[in-house]
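Chains, contacts and geometry: an overview
What follows is the residue order along each chain.
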Amino acid sequence: MNIGIIGLGLIGGSMAIDLRRKGCASRILGVENDPVNASAAEHIGLVDSVVTLEECVGKSDVIIVSVPVGAALKIVPKVLDIMADLYPEGGCGKVLMDVCSTKESLAEAVKYHPMRKNYVASHPMSGTEYSGPWAAIPGLFDGRACIICDFNESSPQAVRTVEKIYDVLNMRVVYMNSSSHDVHTAYVSHFSHVISFALALTVLEKEKDEKHIFDLASGGFSSTVRLAKSNADMWTPIFLQNRENVLHVMDTYTAKLEAFRKAIDESDEEAIRKLIMDANRIRRIIR
């Protein structure tokens, strides 16, 4: 297949690497607004060439949108518009997919588009705290879950094509609707970034007075705060697009944090122990 990738950062670039080396892509075209990222993506061989959006859509069998969700809300409908212009009589076999972390707003943006059947909403649950084409690595998606949303709104052919791509990337596919996706990712992904950002700010505030605090940081701290290195341009629109779900998780977390605070403040050993033991049940899920 000829594959077009819009947004040549960590996810788009890593997909390009594996789709090429595993023989799924005969040619990869890229669209990238940042001239530095565009030059780097060509230089390190992530794409065969960087082209305009219109050329990418016209020459690609599959178009992958891998940009922050705020930008995707404009680009996904625009790509479908280009498809409609190219195939005014219908019969377009091209497939558009995105890899964004929120889905409900995107679903609403294309709900009544005449080319809706050509679009498959997906979210590979993988990544690192780094960004840009230099962050792209092989094997990023191996063994991870990928969510395909609202598959009944897409044509069976389009869904099969996207399933094939994720099979090549060695991912296991989970199906759910956009609303459920946003609730689940608020808990398992988005809120963990909020915690990490908040912890980093807390420690940085203390570090103003305690110059050696980072010398004492252990692996536990590093793994917890690792996500605080994530890109603001990516995460700001995620928090805003999934605002209600993230706020709900924050309220629940605040209640649990207050329970810990109360138990510690009252030196209530039994309450502290019970809270920790209740939390230990996470071992059944995460090993």
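Refer to the structure presented above.
As a starting point, this report considers the structure included with it. Not measured: the values here are computed from a predicted model. (Residues numbered from 1 in each chain as written. Predicted model: local features only at pLDDT ≥ 70, side-chain atom pairs only at ≥ 80, totals over all residues. Heavy atoms only, no water.)

Let us now look at helix α10 (residues 243-265). The end-to-end C-alpha distance of α10 is 32 Å, a good match for the 33 Å that 23 residues give at a rise of 1.5 Å each. Of the residues making up α10, those classed as buried are V246, V249 and A263. Turning to α10, the residues buried within the fold contact α7 (178-207) and α11 (269-279). S267 sits one or two positions beyond α10 and adopts a positive phi of about 50°. (Helix = DSSP H or I, 4+ residues; strand = E, 2+ residues; numbered from the N terminus. Expected span 1.5 Å × (residues − 1). Buried < 20%, exposed > 50% of the residue type's maximum accessible area, 1.4 Å probe, protein only. Contact = heavy atoms within 4.5 Å.)

A word on the pattern of salt bridges. Enumeration according to the criterion identifies 11 salt bridges in this entry. K22 is the salt-bridge partner of D142, the closest N and O atoms lying 3.8 Å from each other. Of the two residues, D142 is situated in the loop between β6 (119-124) and β7 (145-149) and K22 in the loop between α1 (10-21) and β2 (27-31); the sequence distance between them amounts to 120 residues. Overall, D142 belongs to the partly exposed group, its relative accessible area being 34%. Close ionic contact of E266 with K262 constitutes a salt bridge, the shortest N to O distance being 3.3 Å. A residue is classified by how much of its surface remains accessible, and E266, at 46% relative accessible area, is partly exposed. (Salt bridge = Lys/Arg side-chain N within 4 Å of Asp/Glu carboxyl O.)

The next subject is the sheet that holds strand β3 (residues 49-50). Across a sheet, strands are paired by hydrogen bonds formed along the backbone, either parallel or antiparallel in direction. Strand order in the open sheet formed by 8 strands is β3-β2-β1-β4-β5-β6-β7-β8, with mixed pairing between adjacent strands. Two strands bound the open sheet, and with one partner strand each, they are β3 and β8 (172-176). Relative to strand β5 (residues 95-98), strand β4 (residues 62-65) runs parallel, the two sharing 4 bridges. Bridged to I64 within β5 is M97. Where helix α4 (residues 69-86) meets the sheet, it contacts β1 (2-6), β4, β5 and β6, and its direction lies at approximately 175° from that of β5. (Pairing = 2+ DSSP bridges. Axes fitted to C-alpha atoms, helices over the stretch in contact; angles between N-to-C directions.)

Residues V95 and M97 of β5 are buried on one face, and the alternating residues L96 and D98, pointing to the opposite face, are buried as well. Taking the sense of rotation as the criterion, the β-α-β connection linking β4, α4 and β5 turns out right-handed. Sheet topology note: the β5/β6 ladder contains 3 bridges and is parallel. Along β6, the bridge assignment pairs L96 with Y119. (Right-handed = clockwise from strand over helix to strand, strands pointing away.)

Once that is clear, we can look at the layout of surface pockets. Space inside the second largest pocket adds up to approximately 200 Å³. Forming the boundary of the second largest pocket are F191, V194, I195, A198, L199, T224, M250, Y253, T254 and L257. Residue assignment for the lining of the second largest pocket shows that the elements contributing at least two residues are α7 and α10. Residues that form the lining of the second largest pocket fall into these classes: 8 nonpolar, 2 polar and no charged. (1 Å grid on protein atoms, 1.4 Å probe; cavity = no way out; pocket = protein on both sides within 12 Å on 5 of 7 lines; lining within 4 Å. Points joined across faces, edges and corners; volume = space filled by probe spheres on them. Nonpolar A, V, L, I, M, F, W, Y, C, P; charged D, E, K, R; others polar.)

What follows is about helix α2 (residues 35-43). What α2 keeps buried is the set N37, A38, A40 and A41. Down the axis of α2, the buried side of the element spans an arc of 165°, and every buried residue falls inside it. Opposite the buried face of α2, at more than 90 degrees from it, the exposed residues are P35, V36 and H43. On its buried face, α2 is in contact with β3. Taking the backbone nitrogen of V36 as reference, a side-chain oxygen 2.8 Å away marks D34 as the first, capping residue of α2. Looking one or two residues past α2, G45 carries a phi angle of roughly 85°, positive in sign. (Arc of directions from axis to C-beta. Polar contact = N/O pair within 3.5 Å; in protein donor to acceptor, adjacent residues only side chain to side chain.)

Close contact between α7 and helix α9 (residues 232-241) brings their axes to 11 Å; oriented N to C, the two are set at 120°. The orientation of α7 with respect to α9, classified from their angle, is oblique. In the packing of α7 onto α9, the handedness of the crossing is left-handed. In this structure, α7 contributes S189, H190, H193, V194 and F197 to the contact, and α9 contributes W235, I238 and F239. Tallied by class, residues from the contact of α7 with α9 come to 5 nonpolar, 3 polar and no charged. (Parallel < 35°, antiparallel > 145°, perpendicular 65-115°, else oblique. Left-handed = near helix turned anticlockwise from the far one by under 90°.)

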